[in-house]
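Per-entry structural report
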Amino acid sequence: MKWNASEELEILQKVNHVNLVKLEYFCIDPKEANCYFVYEYVENGSLHSWLHEDKKEKLSWKTRLKIATDVANGLLYIHEHTRPRVVHKDIKSSNIVIIHTIVMRISRVSRKIERRRNAEKKKKKKKKKKKKKMH
């Protein structure tokens with residue numbers, strides 16, 4: 001499947017949820033065929049840094065539960081309320097950022113998009129191959 005920047009940008013511009021990092025700007029370099037995304041400032045870093053680096057403050061279990069809830073809410077939004085539907089496909093602590101101590105957001109959504117229609121196309125191709133083998 002070839003990557004289509006315009007389709008991806010169309011989806012990212014529509015995504016607006018408190019638990020998803022906001023796309024601020026983008027730039028397309030036609031010479032190099034690159035697309036650059038600029039997201040909102042993340043003042044408190046990633047969840048990975050909070051869990052694995054030496055920090056003066058440690059995350060309480062109440063905060064960890066809040067993180068899990070916020071991540072689940074962000075995933076629910078992109079899975080159920082975007083068209084075409086989006087699947088993140090790379091949830092890990094380094095892709096979860098802490099904007100404030102009370103709001104967690106999922107980052108790098110744009111790089112992990114899988115559209116339902118592409119999955120359906122693959123299924124149809126497999127069925128056709130199976131039918132050809134049977135005949």
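Residues numbered from 1 in each chain as written. Predicted model: local features only at pLDDT ≥ 70, side-chain atom pairs only at ≥ 80, totals over all residues. Heavy atoms only, no water.

Quick word on the overall build of the chain
Each helix and strand in the chain was counted, giving four helices and four strands. When the helices and strands of the chain are read in sequence order from the N terminus, they spell out α-β-β-α-α-β-β-α. By the burial criterion, 32% of the 135 residues in the chain qualify as buried. A separation of at least 24 residues holds for 59% of the contacts in the chain among residues at least 6 apart in sequence. When the accessible surface of the chain is split by element, carbon and sulfur atoms take 54% of a total near 10,100 Å². (Helix = DSSP H or I, 4+ residues; strand = E, 2+ residues; numbered from the N terminus. Buried < 20%, exposed > 50% of the residue type's maximum accessible area, 1.4 Å probe, protein only. Contact = heavy atoms within 4.5 Å. Areas by Shrake-Rupley, 256 points an atom, 1.4 Å probe, with all protein chains shown as cover.)

Digging into the nonpolar core
Core analysis: the largest hydrophobic core is formed by 14 residues, its most contacted members being Leu47, Ile67 and Ile78. Breaking this core down by element, the ones donating at least two residues are helix H2 (47-52), helix H3 (61-80) and strand E3 (96-100). The leading source of residues in this core is H3, at five residues. (Core = buried A, V, L, I, M, F, W, Y, C linked by side-chain atoms within 4.5 Å.)

Things to note about empty space enclosed by the protein
One pass over the full model with this rule turns up two cavities of 30 Å³ or more. Estimates place the volume of the second largest cavity at around 30 Å³. A class-by-class count of the residues in the lining of the second largest cavity yields five nonpolar, no polar and one charged. (1 Å grid on protein atoms, 1.4 Å probe; cavity = no way out; pocket = protein on both sides within 12 Å on 5 of 7 lines; lining within 4 Å. Points joined across faces, edges and corners; volume = space filled by probe spheres on them. Nonpolar A, V, L, I, M, F, W, Y, C, P; charged D, E, K, R; others polar.)

A few points about H3
With 20 residues, H3 extends 28 Å between its outermost C-alpha atoms, agreeing within 8% with the 28 Å of an ideal straight helix rising 1.5 Å per residue. For H3, the complete set of buried residues consists of Ile67, Asp70, Val71, Gly74, Leu75, Tyr77 and Ile78. The buried residues of H3 all sit within an arc of 155° when viewed along its axis, so they share a single face. Among the exposed residues of H3, those pointing more than 90 degrees away from its buried face are Trp61, Lys62 and Leu65. (Expected span 1.5 Å × (residues − 1). Arc of directions from axis to C-beta.)

A closer look at the packing of aromatic side chains
Inspection of every chain in the model, using the stated rule, returns one aromatic pair. Between the NZ or CZ atom of Arg64 and the centre of the ring of Trp61, over which it lies, the distance is 4.7 Å. (Phe/Tyr/Trp six-rings, centres within 6.5 Å; stacked < 30°, edge-to-face > 60°. Lys NZ or Arg CZ within 6 Å of the ring centre and 35° of its normal.)

With respect to the pattern of salt bridges
Overall, the coordinates contain two salt bridges when judged by the stated rule. Close ionic contact of Asp90 with Lys92 constitutes a salt bridge, the shortest N to O distance being 3.8 Å. (Salt bridge = Lys/Arg side-chain N within 4 Å of Asp/Glu carboxyl O.)

Let's talk about the side chain of Ser46
Mapped onto the elements, Ser46 comes out in the loop between strand E2 (34-39) and H2. Of the residues examined, Ser46 reaches a relative accessible area of 16% and is grouped as buried. Setting aside residues no more than four positions away along its own chain, Ser46 makes contact with Ser93, Ser94, Ile96 and Val97.

Description of the pairing of E2
Where strand E1 (residues 23-29) meets E2, six bridges bridge the pair, whose relative direction is antiparallel. Paired with Leu23 across the strands is Tyr39, a residue of E2. The antiparallel pairing of E1 with E2 creates a hairpin that spans four residues between the two strands, and Ala33 there sits at a positive phi of about 60°. (Pairing = 2+ DSSP bridges.)

That is the geometry; function is a separate question.
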